[in-house]
Amino acid sequence: MEEIQSQSEHYRSSSSSASSPASRVPSSNFFYLRKPGALRQPISYEDSPDWEDNNAHVEVRVEDEGGDSINTATTPISPSLSKINSGSMTSPPLPEGAVVARKIAGATIVWKDLTVTIKGKRKYSDQVIKSSNGYALPGTMTVIMGPGKSGKSTLLRALAGRLDDSAKTYGEVFVNGAKSTLQYGSYGFVERKNTLIGSLTVREFLYYSALLELPGFFYQKKSVVEDAIHAMSLGGYANKLIGGHCYMKGLPSGERRRVSIARELVMRPQVLFIDEPLYHLDSVSALLMMVTLKKLASTGCTLIFTIYQSSTEVFGLYDRICLLSNGNTLFFGETLACLQHFSNAGFPCPIMQSPSDHFLRAINTDFDRIIAMCKTWQDDNGDFSNVNMDTAVAIRTLEETYRSSADASAVQTMIHRLTEREGPTLKSKGKASSATRVAVLTWRSLLIMSREWKYYWLRLILCLLLSLCIGTAFSGLGHSLSSVATRVAAIFVFVSFASLLSIVGVPAQLKEVKVFACEDSNQHSGSVVFLLGQLFASLPFLFLISISSSLVFYFLVGLRTDFSFMMYFVLNFFMCLLVNEGMVLIVAIVLQDMFWSISMLVFMHLVMMLSAGYFRIRSALPGPVWMYPVSYIAFHTYSIQGLLENEYLGTSFAVGQVRTITGYQALHNVYDVSPYSNSKWKNLLILSLMAIGFRVIVFFLLHIFVKKNSSLFRFLCCKFKINDRR
């Protein structure tokens, strides 16, 4: 304890410019900032909601002339907002005009003695969250703050019921006073990274999201989409492409983050969880984002989100803060009361320093490495005296001070009041039917594929060029016996290299998988829905590629001119492309990395091409023994064999003036084919079964890799890192 006191006294001396706790309180020109007098009461007991009046209507009117005026009917939606507007402080005018915001009946979230353990997550302990207590009320913004790897996202996911199967949760989570989980549609969860579709406009993206998420008719979703656009102040960007590609500039990062939040708002959730809403945003975009979220909270929605660091202006917008460090709760209470808590513990915030910067400076153990580096350095004014506080001592001091403080007792009292009786139960809002989701995903994928040139249009152009080059090189062969080997080579090269061009669509396939993972985690999609939608949307483009490139190659080489034989050639090549599309999807799901996916596909195509050549072409050199089984599972083998049988079975060639041989005999001397007349249809059937089998494999891989947020590439990287450490 003497060490703690000495460290605290030393830190006080380094912050001597801040003479009193009151001077550490930010000035009153913050947006929506409460009075400094609120510091005397760390938590107001008026925040406890009245369940009987929980669904009372609340009208929020934003006026153009002045600041925000909030009028409540019977129950104050936001307890903190009543304190905000009780003073003379005014907020800057918000982007939207004088409108009436839609009212939302929020929900109260309470967590009591919540502990989360994940095996292997931490180096010294599996407990990621340790006996955390807190609550979030309707109409308020509750922020979970802490340094990296402190358990912020884990606590947020535990409250939303979105932890992985490997995590174990102990303790209790209450929703409106009852031990229950949040139902579908009653809450929204926004991931840290934006997973958007750049080829759609903001309005189109939200409209398709509403069709996937909500039941009912199509025309009923338009008002929901417009409300979400208005709530996130996206009116000026509604008809602009989201973009984000190298060839498509798209929206700024702040607006892209708002679109991610608006996607969840189409459900009109009572509770909204956001993981790092200020992720990769500058100070201006961050402030605008938080003002927008404050306006959203004032309609009654319960907002809980994580924050790593924020500016002073943004810090003044929070209602309550849950401060974590290494899974331990160092403080829970109103925002300005946290400043008083640090001051009472002996770590007052300097006047010229942001409160969030000061909090993280005191509890982030990474600063110890900076202190060790700075011990041998000096600046112009001498030693680095402002970074010589031991963070381990500060964490222990803050934790012990909070346990014995009035703030912790007030939290326990509030939790007891909020859980002593049950409130209204949050009900599920229903989902769109599976047939509707398949139709929506099919139409959306068709729109995406038609707009993104790298999906199928580039592949179509390359296939046409390839067909033109190969057809020109092998044109004018005639139908003599000596041309059989040359035709076999032409068909072999065409099928092999045309299927190899599927690597062009790998980036688009990876993007589709990421979008599916995001939608599936929010229960907006499913594996079967994704597979059917993606399959139905790709069929017209694959057929366009097959018929255009096949006809160019067919007539340049001069194959059999009968319509039935020509259509079999097109159908066979179409099935070859369909099987190849399934293989590309399998590799993309397993690896989930563009470079390694393309490299693996090139390697697999080369192996299948060589196996089909070594063990099928008679004049080829004998190949390795391990390639022999590959020749039976390579789709190149059955496609090429079917096309050759379609060309030569049923024909005859004259040998001299007397003797003739059948097309099978002439072909059998060059390529290994079946003598039966219907063998080409058997090859087509095998290709169809392979296309179905690859899609079934994709279905299981979606459950193994995508839903568990893992990939073979990340798994191998982790293994290599572990071996290097050993």
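Described in the following lines is the structure provided in the data block.

Each value, and the rule that gives it
Numbering of residues starts from 1 in each chain and follows the order in which that chain's sequence is written. Confidence filtering applies because this is a predicted model: local features only for residues at pLDDT of at least 70, side-chain atom pairs given and counted only at 80 or more, and all residues used for totals across whole chains, interfaces and linings. To get the side-chain values, take all heavy atoms of the structure and skip hydrogens and water. Residues grouped as a nonpolar core are buried Ala, Val, Leu, Ile, Met, Phe, Trp, Tyr and Cys residues, joined through side-chain atoms within 4.5 Å. Buried residues are those whose accessible area, probed at 1.4 Å on protein chains only, stays under 20% of the maximum for their type, while exposed residues exceed 50% and partly exposed ones sit between those limits. The working definition used for a salt bridge is a side-chain nitrogen of Lys or Arg within 4 Å of a carboxyl oxygen of Asp or Glu. Runs of E in the DSSP output that reach at least two residues are strands. Runs of H or I that reach at least four are helices, and both are numbered from the N terminus. When DSSP finds at least two bridges between two strands, those strands are taken to pair. A fitted line through C-alpha atoms represents every axis, and for helices the fit uses only the stretch in contact; the resulting angles, taken between N-to-C directions, go from 0 to 180 degrees. By the convention used here, residues are in contact when the closest approach between their heavy atoms is within 4.5 Å. Using protein atoms alone on a 1 Å grid, points that fit a 1.4 Å probe yet trap it form a cavity, whereas open point sets bounded by protein on both sides within 12 Å along at least five of seven lines form a pocket; residues with an atom within 4 Å of a point count as lining. Grid points are joined across faces, edges and corners, and a volume is the space filled by probe spheres set on the points. In protein, a polar contact means a hydrogen-donor-capable atom and an acceptor-capable atom, both N or O and within 3.5 Å, with residues adjacent in sequence counting only if both atoms are side-chain atoms; elsewhere, any N or O pair within 3.5 Å suffices. In this scheme Phe, Tyr and Trp rings, the latter by its six-membered ring, pair at centre separations within 6.5 Å, and the angle between planes marks the pair as stacked below 30 degrees, edge-to-face above 60, and tilted otherwise. Two conditions define a charge located above a ring, namely a distance within 6 Å from the ring centre to NZ of Lys or CZ of Arg, and an angle within 35 degrees of the ring normal.

Things to note about the nonpolar core
Point 1. Membership of the largest hydrophobic core comes to 114 residues, with the highest contact counts inside it found for Phe-273, Leu-293 and Tyr-318.
Point 2. The next biggest cluster of nonpolar side chains, apart from the first, holds 80 residues, and it includes Met-583, Ile-586, Ile-589 and Leu-687.

Concerning the pattern of salt bridges
Where charged atoms from two side chains of opposite charge approach closely, those side chains can pair.
Point 1. Within this structure, the stated rule accounts for 12 salt bridges.
Point 2. The salt bridge partner of Arg-403 is Glu-399, with a shortest N-O separation of 2.6 Å. In this pair, Arg-403 and Glu-399 both sit in helix 13 (residues 391-403), four residues apart, roughly one turn of the helix.
Point 3. Measuring nitrogen to oxygen at the nearest pair gives 2.7 Å for the salt bridge that ties Arg-444 to Glu-519. In this pair, Arg-444 is assigned in helix 15 (residues 434-451) and Glu-519 in helix 18 (residues 506-521), connecting sequence segments 75 residues apart.
Point 4. Overall, Arg-444 belongs to the buried group, its relative accessible area being 4%.
Point 5. Here Glu-519 falls in the buried class, since its relative accessible area comes to 4%.

Focus: the sheet that holds strand 12 (residues 328-334)
Sheet strands pair by backbone hydrogen bonding; their relative direction is either parallel or antiparallel.
Point 1. The strand order across the open sheet built from six strands is 8-9-10-5-11-12, with neighbouring strands paired in mixed fashion. Either end of the sheet is taken by a strand with one partner, and the two such strands are strand 8 (187-190) and strand 12. Taken pair by pair, the neighbouring strands of this sheet meet at an average axis angle of 15 degrees, ignoring direction.
Point 2. On top of the sheet, helix 4 (residues 152-160) reaches strand 5 (141-145), strand 8, strand 9 (271-274), strand 10 (302-307) and strand 11 (320-325); it is set at about 155 degrees to strand 10, its chief contact.

Thoughts on empty space enclosed by the protein
Point 1. On inspection of all chains with the given rule, the structure shows five cavities of 30 Å³ or more.
Point 2. Approximately 90 Å³ is the volume found for the largest cavity.
Point 3. What lines the largest cavity is Arg-162, Tyr-184, Gly-185, Tyr-187, Gly-188, Phe-189, Glu-264, Met-267, Ser-521, Asn-522, Gln-523 and His-524.
Point 4. No other element matches the three residues that strand 8 contributes to the lining of the largest cavity.

Focus on the side chain of Thr-329
Point 1. Within the secondary structure, Thr-329 is located in strand 12.
Point 2. Relative accessible area serves as the criterion here: at 12%, Thr-329 is assigned to the buried category.
Point 3. At 3.3 Å, the side chain of Thr-329 and the side chain of Ser-132 are in polar contact.
Point 4. When neighbours within four sequence positions are excluded, Thr-329 is seen to be in contact with Ser-132, Cys-322, Leu-323, Leu-324 and Tyr-402.

Describing the packing of aromatic side chains
Point 1. What the rule picks out here adds up to 24 aromatic pairs.
Point 2. Look at Phe-595 and Trp-596: their rings are 5.3 Å apart centre to centre, the planes differ by 80 degrees, and that puts the pair in the edge-to-face class.
Point 3. Classification of Phe-595 as exposed rests on a relative accessible area of 56%.
Point 4. Feature note: the residues Phe-494, Phe-553, Tyr-554, Phe-555, Phe-569 and Phe-573 constitute an aromatic cluster, connected by ring pairs.
Point 5. Over the aromatic face of Phe-565 sits the side chain of Arg-560, whose NZ or CZ is 3.8 Å from the ring centroid.

Note that all results are geometric; they support no functional claim without further evidence.
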